[in-house]
Every structure is written in C-alpha cells, then in structure tokens.
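Each chain, written out:
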Amino acid sequence: MPYHVVQRGHNRSNCFYDETDKACYLSILETYLKTYQVQLHAFVLMSNHVHLLLTASKDDVISRVIQNLGRDYVHYFNKRYQRVGTLWDGRFKDSLVETDQYFLTCQRYIELNPVRAKMVAHPADYHWSSYHANARGIKISVVTPHQVYLNLAETAERRLENYRALFQDSLPADDLKSIRDAIKHSYPLANESFVQHLTTKYNMNFGRRNKGRPEKGSE
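First, a word on scope: everything that follows refers to the structure included in this document. (Residues numbered from 1 in each chain as written. Predicted model: local features only at pLDDT ≥ 70, side-chain atom pairs only at ≥ 80, totals over all residues. Heavy atoms only, no water.)

### Side note on helix α3 (residues 99-111)
Structural remark: α-helix, 3.6 residues per turn; residues separated by three or four positions point the same way.
Link 1 in the chain: Spanning 13 residues, α3 covers 17 Å between terminal C-alpha atoms, matching the ideal 18 Å at 1.5 Å per step.
Link 2 in the chain: The element α3 is largely enclosed, with a buried count of eleven among its 13 residues. (Helix = DSSP H or I, 4+ residues; strand = E, 2+ residues; numbered from the N terminus. Expected span 1.5 Å × (residues − 1). Buried < 20%, exposed > 50% of the residue type's maximum accessible area, 1.4 Å probe, protein only.)

And the structure:
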C-alpha cells in the first residue's frame, strides 16, 4: 500500500534555501529508495516541508528511508550553513492511502501544494515536484509510476493527457479535509469498509474517526 509522508522543518523553519539544497535532498532520497527498494510516485519540495507518496516492498522500510534521508540531509545542511542542532520537526507524519479511491487524489494534492500556497498559478510552473514526470513525461529518476497511474491509459501520450485533465479543477474541500486529517492523525486515507477491514485483520485501532462522504468517508 502507498503511504503519504510529510516532514516539516522545526518550528516551520526553512529546510531548503535554494535549488542546490533541493537537488541534494533528492539525490540522498534516491540513494535510500534504491537501498530499501521503495518506490516514490509523487513528491513536492516546499521551502519548509516535503510531501512524498511512497510504496515499500517490505515492512518498516519507509521509516528507514526517511530516517536515513533526514540524518544525511541534516548533516549536509548544517555543514553548508554552519549551523548545529535539529532541522526537522520531530517524527515525520504518514498516512496509508487506499489505492482505488484515493491514490490519484492524494497524488494531485501533493503536486498542487505550490498552487494552494499561492507560489505559482499552475503546478507546471513549480520546478520541484513530480508533476513534470506524471503530467509532462519528463524523466525524473526518483519517480516510479504507480499501477493506478498507469491504468489511466494504454499509451504514454494518452496517459499524460488524461492526467493533466485531472488538474482542470481544484480538489474539493472534503477531499482536502480528508487528506489533511488523515496525515495529521496518521489515519488511513480510505473508505469506511477498508478501514474496518484493516481493523479486523490486523487488530489495529485508529481512534475516533470523523464521518465523511458515503464510501469516501475520510479520517
């Protein structure tokens, strides 16, 4: 299952100051994606936080990727800017994403981050996101397409067209709330029946969950 991962700078301070920082982050990320056999489907690097959409081949390896990535990047960042101490705001946040209903919604949420932040008018105008791979076909070495994305069309050209069409409208407010609440509380981003399946099969307790739309009930 894919996981939506968010990591923020300590006290919302910047964790990137320029393109060199962001390029270094992606380079380190690529190393640990290969080491732990984790696939990255979507990402965006903002000035003070990152969003990643990841799928792992084994249990617990996503946390290892993020921990090693965070440690190595902090070492680089502190050395470059002659600083000491922490950079990240505690442990990263993560949320399991149900593929059938929510994968593409979550992927769009990630790539639309700079638009919602009013940094750009369109995701194509922001360089540091996976939109350029998923919507424009530009090769980004860290990005691996998920099967849900591949199912958009049989040909690459048509797939890119169909994906770009998803960005003609902004995300509905209830989808935004579902994603934000899920990541805030580490709830699955899934419908109620799927959450019940997880609860029963793995004896997992997700705490109090607010009711959302039928069959797309959020948190």
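### Here's the deal with the sheet that holds strand β2 (residues 38-45)
Link 1 in the chain: Ordered in space as β2-β3-β1-β4, the four strands form an open sheet in which the pairing is antiparallel. Taken across any chain shown, the strands that pair with only one partner, and hence form the sheet edges, are β2 and β4 (93-96). The sheet shows a mean angle of 20 degrees between the axes of neighbouring strands, direction not considered.
Link 2 in the chain: As paired elements, β2 and strand β3 (residues 49-56) share seven bridges and run antiparallel to each other. Counted as the bridge partner of Val38 is Ala56 from β3.
Link 3 in the chain: Across the face of the sheet, helix α2 (residues 61-81) comes into contact with β1 (2-8), β2 and β3 while running at roughly 145 degrees to β3. (Pairing = 2+ DSSP bridges. Axes fitted to C-alpha atoms, helices over the stretch in contact; angles between N-to-C directions. Contact = heavy atoms within 4.5 Å.)

### Focus on the side chain of Arg159
Link 1 in the chain: Structurally, Arg159 is set in helix α7 (residues 156-165).
Link 2 in the chain: Within the buried core, Arg159 has no salt-bridge partner, and the shortest N-O distance to an opposite charge, that of Glu154, equals 8.4 Å.
Link 3 in the chain: Beyond its immediate stretch of four places on either side in the chain, Arg159 contacts Tyr149, Leu150, Leu152, Ala153 and Glu154. (Lys, Arg positive; Asp, Glu negative; His and termini not counted. Salt bridge = Lys/Arg side-chain N within 4 Å of Asp/Glu carboxyl O.)

### Brief notes about the pattern of salt bridges
Link 1 in the chain: For the coordinates displayed, the defined rule picks out seven salt bridges.
Link 2 in the chain: Asp94 serves as the salt-bridge partner of Arg91, at 3.8 Å between the closest nitrogen and oxygen.
Link 3 in the chain: According to the relative accessible area criterion, Asp94 is buried, its value standing at 16%.
Link 4 in the chain: Notably, a salt bridge pairs Arg158 with Glu161, separated by 2.9 Å at the nearest N-O pair. One end of the pair is Arg158 and the other is Glu161, both in helix α7 and three residues apart, which spans about a single turn.
Link 5 in the chain: Linked by salt bridges that have partners in common, Asp18, Asp21 and Arg80 make up one network.

### Brief notes about the packing of aromatic side chains
Link 1 in the chain: All told, the structure shown has 14 aromatic pairs when counted by the stated rule.
Link 2 in the chain: A centroid spacing of 5.4 Å and a plane angle of 40 degrees characterise the contact between Tyr73 and Tyr76, whose relative ring orientation is tilted. Within this pair, Tyr73 and its partner Tyr76 are both found in helix α2, separated by three residues, close to a single helical turn.
Link 3 in the chain: Arranged with centres 5.8 Å apart and planes meeting at 40 degrees, the rings of Tyr73 and Phe77 form a pair that is tilted. Here Phe77 and Tyr73 lie together in helix α2, a separation of four residues that amounts to about one turn.
Link 4 in the chain: Residue classification places Tyr73 among the buried residues on the basis of a relative accessible area of 0%.
Link 5 in the chain: Aromatic rings pair up to connect Phe16, Tyr17, Tyr25, Tyr73, Tyr76, Phe77, Tyr81 and Trp88 into one cluster.
Link 6 in the chain: Just above the ring of Phe92 sits the side chain of Arg91; from NZ or CZ to the centre is 4.2 Å.
Link 7 in the chain: Above the ring of Tyr109, the side-chain terminus of Arg116 is found at 4.0 Å from the ring centroid. (Phe/Tyr/Trp six-rings, centres within 6.5 Å; stacked < 30°, edge-to-face > 60°. Lys NZ or Arg CZ within 6 Å of the ring centre and 35° of its normal.)

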